[in-house]
Every structure is written in structure tokens, then in C-alpha cells.
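Below are the chains, spelled out letter by letter.
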Amino acid sequence: MTRLLKFIFPILSTGFLAWGSFANGLPWVGMGVICFGILWIVGLALAWKWIPSTGLVIGYGVAAWALLQIPTSGPGSNLPSGASTVSGQTNPGITETVFLLGALFALVSWDLSEFQFRLVLASKDDNIHALEQKHLLRLFSIFVGGGILCIVVLNLHIKSSFEWTMLLIIFAIWGISRMVAWLQKEN
Amino acid sequence: MNRIFVLAVLIFLLFIVGFAAIRPAVVALILPLLLYLLVGLIYSPDEVKIRAERSLSAERLKTGDEVLVSLDLTNLGSTLEEVYLEDQIPDGLEVTQGSSRRLVALPAGGSVKWTYSLKGRRGYYGLRKVQATAREHLGLAERVVDLATDGQLFILPSVLRLRRVAIQPRRTRIFSGNIPAKQGGSGVEFFNVREYQPGDSPRWINWRATARHVQNIYTNEFEQERAADVGLILDGRQRTNMFGDRSIFEHSVMAAAAMADTFLNAGNRVGLLFYGRQVTWTAPGYGKIQSERILHELSKITPGDTLNFNELYVPRHLFPSRSQLVVFSPLVQEDFDILTALRLRGYHLLVISPDPVAFESAGMARTPVNEQASRIVHIQRALLLRRLRGSGIHVVNWDTSQPFEKIAKRELEQRLVLPRGGVL
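What you are looking at is a predicted structure, and each value in this text was computed from that prediction instead of being measured. (Residues numbered from 1 in each chain as written. Chains lettered and ligands numbered in written order. Predicted model: local features only at pLDDT ≥ 70, side-chain atom pairs only at ≥ 80, totals over all residues.)

This paragraph deals with the overall build of chain B. Within chain B one finds 11 helices and 21 strands. In summary, chain B has a C-alpha radius of gyration of 33 Å against a globular reference of 22 Å for 424 residues, an excess of more than 25%. The buried share of chain B, taken over its 424 residues, is 38%. Long-range contacts, defined here as pairs at least 24 residues apart, represent 72% of the contacts in chain B between residues at least 6 apart. (Helix = DSSP H or I, 4+ residues; strand = E, 2+ residues; numbered from the N terminus. Rg over C-alpha atoms; globule rule 2.2 N^0.38 Å. Buried ≥ 20, exposed ≤ 12 C-beta atoms within 10 Å, placed from the backbone. Contact = placed C-beta atoms within 7 Å.)

Written out as C-alpha cells, the structure is:
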């Protein structure tokens with residue numbers, strides 16, 4: 001199953017990113033994303049070790065860059081309605097959602113490719129099916145949880161002073177650093 | 001690339017860019033990545049406590065035989081979501097059936113058992129650890145532990161059965177064997193004619209001699225056959241045995257195993273002296289136990305650099321003068337002095353020399369330069385062998401492209417008739 005999914009998610013990721021780019025007047029970005037998507041699929045078929053990480057970085061990079069380039073979803077966007085502002089308040093639009101999904105699919109694809117590299121080491125007597133099921137369940141929960149968190153953050157509007165924002169940033173950086181350091185130490 | 005590093009870089013970059021540009025959508029992209037890291041951290045495996053037990057269907061194998069390895073691993077700690085278990089197989093062994101690795105989930109108290117087959121080339125192998133890599137499902141946090149197990153494997157050299165090896169040391173032991181002792185008595189080969197003595201079998205009476213001398217009766221006397229001391233000296237010098245990646249050493253080992261087996265089966269007292277990376281002695285002894293000792297020693301040895309061969313010392317208390325020494329060596333020019341010195345000390349020498357020139361030439365491209373070089377070295381070697389034979393040393397030149405049995409049958413089975421003065 002993983003073998004099939006690891007090819008589906010890069011297609012979904014690049015598809016969403018390209019769609020978002022074309023829809024927001026970034027055709028060259030869209031073309032570039034499609035070209036990279038083809039390379040990504042070829043790389044996965046040929047089991048290039050570096051391609052999943054590159055796919056993740058490029059998927060996230062394109063999503064972030066595109067989100068910086070386009071104005072917040074609304075009148076400037078060519079995407080279907082449902083985005084834009086409601087009664088003067090900015091809501092997460094389809095533009096953001098499309099790029100967010102593109103990035104999320106890149107994350108899923110990266111994870112599945114790395115998992116597939118590990119599965120190659122299994123012997124034919126191993127219960128790979130059970131391992132795949134548990135892995136996909138956890139990945140799905142991260143996918144859903146991550147998506148919900150993003151929507152919540154995009155909907156959340158908290159006004160805070162500069163000092164508090166800076167404090168929050170410093171605290172976030174410290175927290176992430178600790179987490180990364182702990183995981184590195186575990187390994 | 002380290003997965004955590006990739007995630008960390010991505011998170012920090014998006015964080016900086018998102019806050020610098022004041023774009024919540026960019027900052028929001030971080031959240032799935034953070035959640036991914038967090039889940040990896042929460043489910044990271046605790047201390048890995050796995051008990052590993054190994055059993056082997058045999059500890060001693062002949063080259064080419066297979067051994068069944070069974071592994072039983074029990075998780076004594078908390079649940080491990082994903083464990084990659086890999087039996088650490090030393091170089092020289094290969095898996096022929098099944099797999100030496102497993103990827104499993106091990107609940108607390110759970111166990112996994114599996115078997116696989118191994119075979120390999122001659123050697124001694126310690127199978128002492130299984131590597132366990134425990135991960136959570138996402139594979140971010142992992143713990144690698146070496147699990148100690150007991151297990152050793154001796155892959156013994158294959159032993160060729162030779163019909164007999166004719167040697168004639170001047171000194172024999174008192175026990176009966178099949179080495180002609182140059183003394184009259186009971187035996188098979190005719191030795192002498194002497195006067196009849198009470199107790200002699202009438203069948204031994206030499207009627208022709210008796211008819212010539214009417215006064216006396218004469219009987220045939222046979223040559224006694226006794227056991228002898230045989231010292232096997234195996235040359236394990238790197239410089240004489242290794243030719244790039246190819247080694248002629250295995251041929252010497254095979255010949256030594258075959259000769260040891262033949263001499264011991266004939267009731268002789270056999271010891272082994274190995275000059276390789278280190279000098280090792282297998283003290284002389286008789287019988288099947290000694291045969292096992294020698295095979296064990298032969299399974300362990302590997303070529304290595306040594307200077308000791310230049311000062312080859314054979315302890316006299318183990319191998320008295322005039323006993324038989326069998327040297328297995330590809331030979332180099334400097335060996336002439338060492339071997340003749342042994343001969344001068346009274347040892348009866350047999351040298352089995354796998355031909356390094358033919359061996360090396362077989363692995364080289366056939367160019368005019370190579371062929372000319374090969375011819376020159378071949379002549380040098382032929383001269384060395386001739387000089388050795390001239391010194392009374394029995395040298396068997398073995399072209400390793402031919403089986404040893406064939407060479408042994410042609411050159412070792414027949415009793416060697418020494419010319420006058422004992423010089424070949």
C-alpha cells in the first residue's frame with residue numbers, strides 16, 4: 001500500500017501547488033512545480049535517497065513563497081468563492097487552503113517515502129501490513145490535526161503588544177530548539 | 001540526510017520568514033511540521049531491553065555446509081512500535097535461506113523467533129550480537145542497541161582423503177604404524193634373510209637360500225612398520241601467499257588438512273606449526289582428537305606479516321632430529337637457506353609448494369610483457385626447486401589448477417627411492 005501511496009501524494013502535492021500558482025497568476029511557478037513533480041516521481045521510482053527531503057523542502061518552499069507573493073485571498077484571487085472576507089473579517093481563503101494542502105501532502109509524501117526505505121529492510125516473514133496500518137493511522141491523525149491547527153490559527157485573531165509578540169517568538173524558538181535538540185540526543 | 005535536521009531547518013526558516021513578513025498563513029505552515037516533531041518526541045522509544053538467545057544447529061561445519069541459526073528475542077521493556085533487528089554476520093559468511101533481519105512491532109513481553117541458514121568460507125566466526133534499532137512509527141526518534149548473544153562457528157577446511165603418503169623418516173617411534181622403520185621384524189615388505197629361529201613361522205622359510213646352505217635353515221625377515229613423528233609447518237606469510245586480492249593460502253591449508261588426516265589415520269604423531277601473523281603451535285598428538293585440534297587450528301588461521309619464518313625454529317623436544325617435517329609453502333628464494341638448515345639438522349623434509357607463478361599468471365592479462373615476466377619468474381622458481389631437491393629435500397611442485405589428489409597420487413603415494421647419499 002505504501003508503495004502506491006508514496007507515488008500518489010507527490011502528485012497531489014504538486015497538483016495543489018501548481019493549481020494554486022496558476023490560479024494566482026504565477027504560471028512560471030506552476031510550470032516549475034509540475035516539472036519538479038515529474039522529477040519527484042522519477043526519483044521515487046528510481047529510489048533516489050535525496051528526493052523525498054528535496055520534495056518536502058521544495059513543496060514547503062513553494063507554498064511559503066507563493067503565500068508571500070499573493071495578496072490575502074479575496075478579490076485578487078481567481079479561485080472559486082468561499083475564500084475572501086466575510087463581514088469585513090479575514091477568513092482562511094481557498095488560496096491559503098490550497099497551498100496548505102500542497103505543503104501537507106509534501107509532508108505526507110516525505111514520510112511515506114522514508115517509511116518505504118525502512119520497509120525494504122523487512123524480510124518476507126514480517127507482518128508489513130500491520131506496520132503499514134499503524135503508520136498510516138498515525139500519519140493520518142497528524143495530517144488531520146495539522147490541518148485543523150492551521151485553520152484554527154488562520155481564524156484566530158489575537159491582538160497583542162509588540163513586547164508580548166516578541167516574548168512569544170522567543171519562547172517558540174526556545175521550545176522548538178529544545179524539542180529538536182532532545183530528538184537529536186535520542187538518536 | 002538527517003530527517004530531524006531537515007524538519008528543524010524548515011521550521012526555523014518558515015518561522016523567521018512568516019514573522020518577518022507578518023503573514024500568519026506562512027507561520028501556519030509550521031504547525032503540521034511541529035505536530036509531526038511533537039508526535040515523534042512523545043512516542044519516542046524508551047530504553048530498549050531485549051533478551052536475545054541464539055542457537056546453532058552445529059558449531060563445526062565443513063566448507064560448503066550450511067548451519068541453521070535460530071534467534072529468539074523477547075522484549076523485557078515497554079512496547080516498541082517498530083524494531084529493526086539485524087543479526088551481525090561477520091564477513092566471510094552469507095545467508096543462504098531466510099533472512100538475518102526482521103522489522104517487527106514488539107509489545108511489552110512479546111517475542112519474535114526466526115531461523116535462517118548460513119554458509120561461508122573457512123574460518124572462525126564469533127556470532128555475538130544482534131543489533132536492534134527501535135523507532136516510533138514516524139521513524140524520527142530511534143535507539144540503537146547491540147544485544148549480546150552466544151555463538152561461535154568453526155568452518156573447517158575440506159579434508160581430502162588421500163590413500164597414503166609415503167614418507168621415510170630415519171627416526172620412528174616404537175608404536176606400529178605404516179612407516180618403514182629400516183629394522184627387521186614383522187611387516188609386509190621384504191627386508192632381509194636370516195637364520196631360522198625358534199618361533200619363526202614355517203611360511204617365512206626362504207627355501208631357495210636354505211637349499212644352498214644344507215647346514216642351516218633361513219627365513220625371510222620383513223621390514224618393521226612403525227609410527228613416526230610428523231611436524232606440519234604451514235607458511236602463512238602475507239608476502240608469499242597474497243597476490244593482490246587473490247590468495248594461494250587456501251590451497252596450502254587444504255593440503256595441510258589432507259596430509260594431517262592421512263598421517264593421523266596411519267597412526268603417526270602429528271603436530272602443526274603455523275607461521276602467519278603470529279606463530280602458533282598445535283602440540284603433537286595421535287588420533288581423532290588430534291585431528292580435530294588441527295582442523296580447529298586450520299579453521300582459525302589467516303595469513304599475515306611475520307619475520308619469524310626467517311628464523312624458523314623447530315623445538316627438538318617436540319620433533320627430535322631425524323623425524324619428518326612437511327612444509328607447506330609457495331616458497332621464495334630466501335627460503336632455501338632456512339630449509340637446508342633444517343635438513344642439516346637431520347630432519348627429513350617434504351615440501352608441498354603450491355605454484356605461485358602459475359597461480360598469479362592465471363589471474364593476469366595475457367600480454368607479451370606479462371608472459372615474459374612469468375617465464376622469467378618460472379625459471380627462477382624451477383632453479384630454486386632444483387637446488388632444494390639437490391639438497392635432499394623432497395619438493396612437490398603443485399600447480400593449483402590441478403586437484404591436490406592428483407598431485408598426491410602421482411608424487412606422494414609411491415615410496416621414494418633415494419639415490420646413494422640421500423640426494424634426490
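All names here are of chain B. The buried count for strand β19 (residues 324–328) comes to 5 of 5 residues, which makes it a mostly enclosed element. Going residue by residue along β19, you find Gln324, Val326 and Phe328 tucked away on one face and Leu325 and Val327 tucked away on the opposite face as well. As judged from the 5 bridges shared by strand β14 (residues 229–235) and β19, these two strands associate in the parallel manner. Considered in β19, the bridge of Gly231 is made with Leu325. As paired strands, β19 and strand β20 (residues 348–354) are joined by 5 bridges and run parallel to one another. Its bridge partner being in β20, Val326 is matched across the sheet by Leu350. Handedness of the crossover joining β19 and β20 through helix α8 (residues 335–344): right-handed. (Pairing = 2+ DSSP bridges. Right-handed = clockwise from strand over helix to strand, strands pointing away.)

What follows is about the sheet that holds β19(B). Residues and elements named next belong to chain B. Strand order in this open sheet of 6 strands is β18-β17-β14-β19-β20-β21, and the pairing throughout is mixed. Taken across any chain shown, the strands that pair with only one partner, and hence form the sheet edges, are β18 (279–285) and β21 (394–398). Each strand of the sheet is rotated relative to its neighbour by a mean of 15 degrees, with strand direction disregarded. Strand direction decides the pairing type here: β14 and strand β17 (residues 269–275), joined by 7 bridges, are parallel. Paired with Leu234 across the two strands is Phe274, which belongs to β17. The strands touched by helix α6 (residues 249–265) are β14, β17, β19 and β20; relative to β14, the strand with the most contacts, the crossing angle is about 170 degrees. (Axes fitted to C-alpha atoms, helices over the stretch in contact; angles between N-to-C directions.)

Here we come to the sheet that holds strand β8 (residues 123–126) of chain B. Residues and elements named next belong to chain B. Pairing in this open sheet of 3 strands is mixed, and the strands run β2-β11-β8 from one edge to the other. Every interior strand has two partners, whereas the edge strands, β2 (60–62) and β8, have only one. Strand-to-strand twist of the sheet, defined as the mean angle between neighbouring strand axes without regard to direction, takes the value 20 degrees. In this sheet, strand β11 (residues 152–156) lies alongside β2 in parallel orientation, the contact comprising 3 bridges. Across the sheet, residue Lys62 finds its bridge partner in β11, namely Leu156. Along the sheet, helix α7 (residues 287–300) contacts β8 and β11; its crossing angle with β11, the most-contacted strand, is approximately 100 degrees.

In this assembly, 46 residues from chain B lie in contact with 46 residues from chain A. Elements represented by at least two residues in the side of chain B that touches chain A include exactly α1 (3–21), α2 (24–28), α3 (30–42), β4 (80–87), β6 (101–106) and β10 (142–148) of chain B. Class assignment of the residues belonging to the side of chain B that touches chain A gives a composition of 34 nonpolar, 5 polar and 7 charged. (Nonpolar A, V, L, I, M, F, W, Y, C, P; charged D, E, K, R; others polar.)

Moving on: the environment of Ala8(B). Examined against the element boundaries, Ala8(B) turns out to sit in helix α1. With 20 C-beta atoms packed within 10 Å, Ala8(B) lands in the buried category.

Bringing the environment of Ile8(A) into the picture now. Residue and element names in this part refer to chain A. Inspection of the secondary structure assignment puts Ile8 in helix α1 (residues 2–23). Ile8 sits in the partly exposed class, given 13 other C-beta atoms within 10 Å. Separated by 97 residues in the primary sequence, Ile8 and Phe105 have C-alpha atoms spaced 9.4 Å apart.

Let us look at the packing of helix α3 (residues 51–69) of chain A against α1(B). Viewed as axis vectors pointing N to C, α3(A) and α1(B) meet at an angle of 5 degrees, and their least axial separation amounts to 11 Å. By the angle between their directions, the pair α3(A) and α1(B) is classed as roughly parallel. Residue-level contacts link Ser53(A), Leu56(A), Val57(A), Tyr60(A), Ala64(A) and Leu68(A) of α3(A) to Val6(B), Leu10(B), Leu14(B), Val17(B) and Ala21(B) of α1(B). Its residues assigned to classes, the contact of α3(A) with α1(B) comprises 10 nonpolar, 1 polar and no charged. (Parallel < 35°, antiparallel > 145°, perpendicular 65-115°, else oblique.)

Attention shifts here to the confidence of the model for chain A. All names here are of chain A. Here chain A averages 81 in pLDDT, and 86% of its residues register 70 or above. Mean pLDDT per element in chain A: strand β1 (residues 85–86) is the minimum at 36, and helix α2 (residues 27–45) is the maximum at 90. Counted against residues more than four places away or in other chains, residues 73–91, with its pLDDT under 50, gives 35 contacts. (pLDDT = per-residue confidence, 0-100.)

This part is about the domain arrangement of chain B. Think of interface size as the accessible area that goes away when the parts come together; that is how it is often given. By the assigned domains, chain B splits into domain 1 (50–156), domain 2 (176–226) and domain 3 (229–422). Computed from C-alpha coordinates alone, the two centres of domain 2 of chain B and domain 3 of chain B are separated by 38 Å. (Domains from an automatic or database assignment.)

Time to look at the nonpolar core. Counting 77 residues, the largest nonpolar core has Leu232(B), Ala256(B), Met259(B), Ala260(B), Val326(B), Leu349(B) and Val351(B) as the members making the most contacts within it. Of the residues forming this core, the biggest block, 11 residues, is contributed by α6(B). Each of two domains, domain 1 (50–156) and domain 3 (229–422) of chain B, supplies a minimum of three residues to this core. Beyond its immediate stretch of four places on either side in the chain, Leu232(B) contacts Ala256(B), Met259(B), Ala260(B), Val270(B), Gly271(B), Leu272(B), Leu273(B) and Val326(B). Ranked by size, the runner-up nonpolar core spans 61 residues in total, among them Ala64(A), Phe105(A), Ile142(A) and Phe15(B). (Core = buried A, V, L, I, M, F, W, Y, C linked by C-beta atoms within 7 Å.)

Now for the pairing of β11(B). Each regular strand displays side chains that alternate between the two surfaces of the sheet. Pairing of β8(B) with β11(B) involves 4 bridges; the strand directions are antiparallel. For Tyr125(B), the partnering residue across the bridge sits in β11(B) and is Leu153(B).

On to the environment of Glu47(B), then. Residues and elements named next belong to chain B. Residue position: Glu47 is located in the loop between α3 and β1 (50–56). Classification of Glu47 by C-beta neighbours within 10 Å gives exposed; the count is 9. Between the C-alpha atom of Glu47 and that of Gln88, which follows or precedes it by 41 residues, the distance is 21 Å.

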